[in-house]
Amino acid sequence: MHDEHFEAEFPDTTRFEEMAKIVSYIKDGRSCQVVGIPGVSRSTLLGLFAYNKHIRQKHLGTAEKKTHFVAIDFSEIRNRDLFDVMKYLFLNLTESLRERGMTEEHKVVVGKFQEHLQFNDELVLFQGFKEAVDYMALEKKITIVFLFDRFEEYVPTVTSQFFTNLRVLRNRAKYRFSIVFSVNRPLENMLEPTLLAEYYEFVAGHIVYVAMHEEVFSTFRLSFIEKLTGKKLSAQILKEVLTLTGGHGKVTKFCVETLLAHGSTPGNLSEFLLTQTIVRGALNEIWFSLSPAEQSDLLEGTFADRDVNDYLEKVGLIHGNKIQIPLFAQFITAEYQEAAKSIQKIVYDENTNTIRKGAVVLSDQLTSSEFRLLRYLLQQSARIVERDELITIVWQGVKSTAGITDQAVDQLVFRVRRKIEEDANHPVHLQTIKGRGFRFAA
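All values reported here derive from a predicted model rather than from experimental measurement. (Residues numbered from 1 in each chain as written. Predicted model: local features only at pLDDT ≥ 70, side-chain atom pairs only at ≥ 80, totals over all residues. Heavy atoms only, no water.)

> Explain helix α20 (residues 387-394) to me, using residue names and the numbers behind them.
Taken as a whole, α20 has its buried residues at L390, I391 and V394. When α20 is viewed along its axis, its buried side chains cluster within an angular range of 100 degrees and face the same direction. Opposite the buried face of α20, at more than 90 degrees from it, the exposed residues are D388 and T392. (Buried < 20%, exposed > 50% of the residue type's maximum accessible area, 1.4 Å probe, protein only. Helix = DSSP H or I, 4+ residues; strand = E, 2+ residues; numbered from the N terminus. Arc of directions from axis to C-beta.)

> Quick one: what's the story with the sheet that holds strand β3 (residues 143-149), residue by residue and with numbers?
Paired through backbone hydrogen bonds, the strands of a sheet run either parallel or antiparallel to each other. With parallel pairing, five strands are arranged side by side in an open sheet as β2-β3-β4-β1-β5. At either end of the open sheet lies a strand with only one pairing partner, and these are β2 (67-73) and β5 (207-209). Each adjacent strand pair in this sheet contributes to an overall mean axis angle of 20 degrees, direction not counted. Across seven bridges, the pairing between β2 and β3 is parallel. For V70, the partnering residue across the bridge sits in β3 and is F146. Against the sheet, helix α6 (residues 122-139) contacts β2, β3 and β4 (177-183), and its axis sits at roughly 130 degrees relative to β3. (Pairing = 2+ DSSP bridges. Axes fitted to C-alpha atoms, helices over the stretch in contact; angles between N-to-C directions. Contact = heavy atoms within 4.5 Å.)

> Got a sec to walk through the side chain of E226? Specific residues and values, please.
Note on placement: E226 falls in helix α11 (residues 215-229). For the buried E226, which has no salt bridge, the nearest side chain bearing the opposite charge is K232, at an N-O separation of 4.8 Å. Discounting chain neighbours no more than four positions away, the residues touching E226 are K231, K232 and L233. (Lys, Arg positive; Asp, Glu negative; His and termini not counted. Salt bridge = Lys/Arg side-chain N within 4 Å of Asp/Glu carboxyl O.)

> Quick one: what's the story with the pattern of salt bridges, residue by residue and with numbers?
Per the stated rule, a full pass over the model turns up 26 salt bridges. Across the pair E152 and R42 runs a salt bridge, and its minimum N-O distance is 2.9 Å. You can see E152 sitting in the loop between β3 and α7 (160-173) and its partner R42 sitting in helix α2 (residues 42-51), a full 110 residues away along the chain. As far as the burial class goes, E152 and R42 line up, both buried. Its salt-bridge partner being E335, residue R280 comes within 2.8 Å of it at the nearest N-O pair. You can see R280 sitting in helix α15 (residues 277-288) and its partner E335 sitting in helix α18 (residues 326-341), a full 55 residues away along the chain. According to the relative accessible area criterion, E335 is partly exposed, its value standing at 33%.

> Describe the sheet that holds strand β8 (residues 346-349), listing the residues and the values that go with them.
Strand order in the open sheet formed by three strands is β8-β9-β10, with antiparallel pairing between adjacent strands. Here the strands that pair on one side only, and so sit at the sheet edges, are β8 and β10 (360-361). In terms of strand pairing, strand β9 (residues 354-357) meets β10 through two bridges, oriented antiparallel. Counterpart to R356 in the pairing with β10 is V361.

Set out below in structure tokens:
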């Protein structure tokens, strides 16, 4: 299927361990999370399921014919409302059936899509989506697996209703419905419990971490680059590059492409690579995906916070308290060591409706509730804000705030601290004023 896709060309042993773990969840009718830092090729990993028939057959066996994967790129709908998101999921389901040559199924599902879309109503469209899932899973006995790529980009605007809809679909299809969420950190760490509650039991703890370097994957990708360019690096230079990059997918790719284009071997390899805009961009992408606490620990080389250390270890960025991408270590020391010593204010920009700390866009890592809380505290900077006032602002869309407890506020405050403070247990910015409320120091 899809021979025109790049992913279709990979050998069937590619990312074997990660693929096997994902399939184990799918076979049990569970959803899971594929977690990794930017640039480790999470998108390609999901693409192997959607576009590489040999890999699907290797892992699924005879079940491959009755398992249908639907690739969804959430970066395309990051700020869209629920109606647009459900329409996008429905549309991608129909298109995936057409691409796979499932003519009968495509005709039926397209019919349901067109029939329900004309009403331009969220509930009516979702009803059509349910009917399409019923048809696929219950009538045709096909397991549907949605591959939610770059889901972290949708997290800031996701609602509890989104997860309620997923639960409804799963409960109808039972064990023939799964979702693979591709994210840069576990959903449980990004979302407040009330948002994820409806789908929590199907996905929480089901995590597959993507290794930065995998031999089969890297070998094929590098040989593909050499084939396209008609040029080749010496074994020695390639070994040096992989040592500097730790085998990180995007950084390695950009380094190799840069050297092939340059044509000659530079005297100081790391120094040369760090002058290249495209390489620096990939390294910055990793840096800006990290929380202030994670950035601080990487710069200082101290990993006292167990949660910070645990995350950095599992995504492969550190091992034994040592950064596993030497080029990244050199880059952040040169670029951010001095900046870390100065006080970087947290500010809210009304024009772009974003919250920043230095060059880091903090609002990209916040849920809607976390954003409302932090934005309001910034707007009321230096003033003590009482809990009841915060509840009114943060839970403004709720019909009644009577059931919202002090514990719910404290949990939300702590989650924000984990995303903006260098040490959430000793906050500098979001301060608790005992017996009165909270105060923010930018």
